[in-house]
Each structure stands twice: as C-alpha cells, then as structure tokens.
Amino acid sequence: MAALVSGKITQLSPLVRRLLAPNAGPFTGPGTNTYIVGKSELAVIDPGPEIAAHVDTLLDELTGRIRWILVTHTHRDHSPAATLLKERLGSDVEVIGMPCDIEGASFDQGFSPDRLFEHHHSIKTNEFTLTAIHTPGHASNHLCYFLEEEALLFSGDHLMDGTTVVIAPPDGDMSHYMQSLSLLFDYPIATIAPAHGNLITDAHEEVEKTIKHRLNRESKVVAALLSCPGQSIADLTPLVYDDVPPFMHPIAQQSLRAHLLKLVDDGQASDEQGQWMLTK
Ligand SMILES: [Zn+2]
C-alpha cells in the first residue's frame, strides 16, 4: 500500500492519484487526501484546506489539465482550497459540489460552486465517469463520487480509514447517516478512497462493519438509558463510551447527541429539558 506522505503526488491506480495535504491532526488523521482522477482532462476531488503550499504542489507536480474541482462537503479541511485553485486556474476550471448554507466555524461559507451537483449528477469524459451519490449524515451537503471504471468510491468523510466518523448535530444526522451507509450497497463498489487514511478494499464488508459498529453503539445508548433514566448527555457519555479514552469524550458527546436524536426520530427516546429517557 502506498505510504501517506504529504508534498508528493502518488499514483494509486491507472486513473487515480493522491496528494496528502499537510494538515495532520486529531480530527484529520494523517491529513486530507486530495485525489486526482484522469490522465489528460482531470478532476480534482477535495482540494483540501486553505494551504497555499498544498495548491502549489498540486499545480507544480501535476501532469494533465484540471477541468473540474469536486468537493465532497464543505468542512474546512475539504473545500477552501477550491477557491485558491480557481483563482489560479480561472474560468477554465469548474468548481462543483452542493452549496454551503450552514452556519458554524467548521463550515466553509466562502465555497462558491460554478455548478451545483445533486444525487446522480455526473461527469463523463473519454477516460472516466464520476457519479455523485448524495450521502447526508456526517454533513447534510455530503456527496460521495463513484468512479465506474475502477469500481472505486471517493467517500469523503462518509467513511474513513481506521477511525469512526463524527456525527455532530444539528448538521450531522445519525438517521440520515445510517440510510446513507445502506445506500452504498446499491453500487458495485470494490474499493473506498477516503478523505482521511489509506484505500480500503472489501468495500461492502467495511460498510457492513460500520453499520454494525453504529448499531452496537446505539444498543449501549439504550442500555444506559434503561439503567440510568433521566441523565444528561455529559453523564451518559462515560457509560456509552467506556471504550473511548476520556480526552475524546467531548467529541463523543456530539455523536451521542446524534444517537439520542435518532432514537427520538425512531420513537424510542425523549428529552425532558436535557434529561434523556426511553419512551417504552
Ligand atoms: Zn467532514
């Protein structure tokens, strides 16, 4: 498996190259993967955070002509470099994604797509077909992109390598996330190219594993509500995330809220002024 090293473009398959952005951290793992699809006319997927050196490397080292910049979602580690790239490449290149009309510091409100994509919109060239799959859950405007010729899914943050995706309400939604995971079984995906970490083979197995992991966590939420009804999210977190180190608990609280809101959607739980309990 090709090493994840920033500053160097790596060929992963006949049609796919990767450039790792230098933004490693607790939420980004080794950093954001920028993918390049094609040989002559190119699509760049998730240009990355606002780091000029990353854009310089991309433009200096890339052979072929960038025609499209595709964004999986508008978290700040994924889309801001689209604006930098567009400034450098001008009207020759088209920025594509779903709009960002979401408030909050982690969202790139400056994202300004030339073309809005929806579910099953696609780009077709002589070399490849890339089809958008709308996968809300981690972010409401999240798109995965399926590369037909290589049965490869650019999963953005819908699935990550070796770590669980944070679902942070209100934009993050656990019910939608679970539906968006099941949706992937409709596509003949062999390999997943996540925005963080290495390629994942056995794609459908990975999706099954992720669904199972989430349902297990949901069972722990139900068990905690059963044994200690009427507790706050802060009190429930150590019970539900007893396998997660305490320094991660502030983040885990966001996913716990997402699980609780899903249980409310499912008619299984309710919230009385921040005190959570089962309804039956
Ligand atoms: Zn994200």
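Residues numbered from 1 in each chain as written. Predicted model: local features only at pLDDT ≥ 70, side-chain atom pairs only at ≥ 80, totals over all residues.

(A) Structural detail: the overall build of the protein. Check the secondary structure of the protein and you find six helices and 14 strands. By the compact-globule yardstick of 19 Å for 280 residues, the protein fits well, its C-alpha radius of gyration being 19 Å. Taking the principal axes of the C-alpha coordinates as reference, the protein spans close to 60 × 35 × 35 Å. Out of the 280 residues belonging to the protein, those deemed buried represent 44%. Put simply, 57% of the contacts in the protein that link residues at least 6 apart link residues at least 24 apart. (Helix = DSSP H or I, 4+ residues; strand = E, 2+ residues; numbered from the N terminus. Rg over C-alpha atoms; globule rule 2.2 N^0.38 Å. Buried ≥ 20, exposed ≤ 12 C-beta atoms within 10 Å, placed from the backbone. Contact = placed C-beta atoms within 7 Å.)

(B) Spatial organisation of the sheet that holds strand β8 (residues 122-124). Within the open sheet, the five strands sit side by side as β8-β9-β10-β11-β12. Their pairing is mixed. The sheet is open, and its two borders are formed by β8 and β12 (191-194), each paired with just one other strand. Each adjacent strand pair in this sheet contributes to an overall mean axis angle of 20 degrees, direction not counted. When strand β9 (residues 129-134) meets strand β10 (residues 143-147), the two strands line up antiparallel, connected through five bridges. The residue bridging L130 from the neighbouring strand is L147, located in β10. (Pairing = 2+ DSSP bridges. Axes fitted to C-alpha atoms, helices over the stretch in contact; angles between N-to-C directions.)

(C) Molecular detail of the sheet that holds strand β5 (residues 65-70). Within the open sheet, the seven strands sit side by side as β1-β2-β3-β4-β5-β6-β7. Their pairing is mixed. Edge positions in the sheet fall to β1 (10-11) and β7 (115-116), since each has one partner strand and no second. Sheet topology note: the strand β4 (residues 41-45)/β5 ladder contains five bridges and is parallel. Its bridge partner lying in β5, A43 is registered against W68.

(D) Structural view of the environment of I96. For I96, the position within the fold is in strand β6 (residues 94-97). Judged by C-beta crowding, with 23 C-beta atoms within 10 Å, I96 ranks as buried. Taking the C-alpha atoms as reference points, I96 and W68, separated by 28 residues in sequence, lie 7.1 Å from one another. Ignoring any residue separated from it by four or fewer positions in sequence, one finds I96 in contact with W68, I69, L70, V71, P113, R115 and F117.

(E) Structural context of the environment of F154. Its location among the elements puts F154 in strand β11 (residues 152-156). Residue class for F154 comes out buried when judged on the 26 C-beta atoms lying within 10 Å of it. Along the primary structure F154 and I66 are separated by 88 residues, whereas in three dimensions their C-alpha atoms are 18 Å apart.

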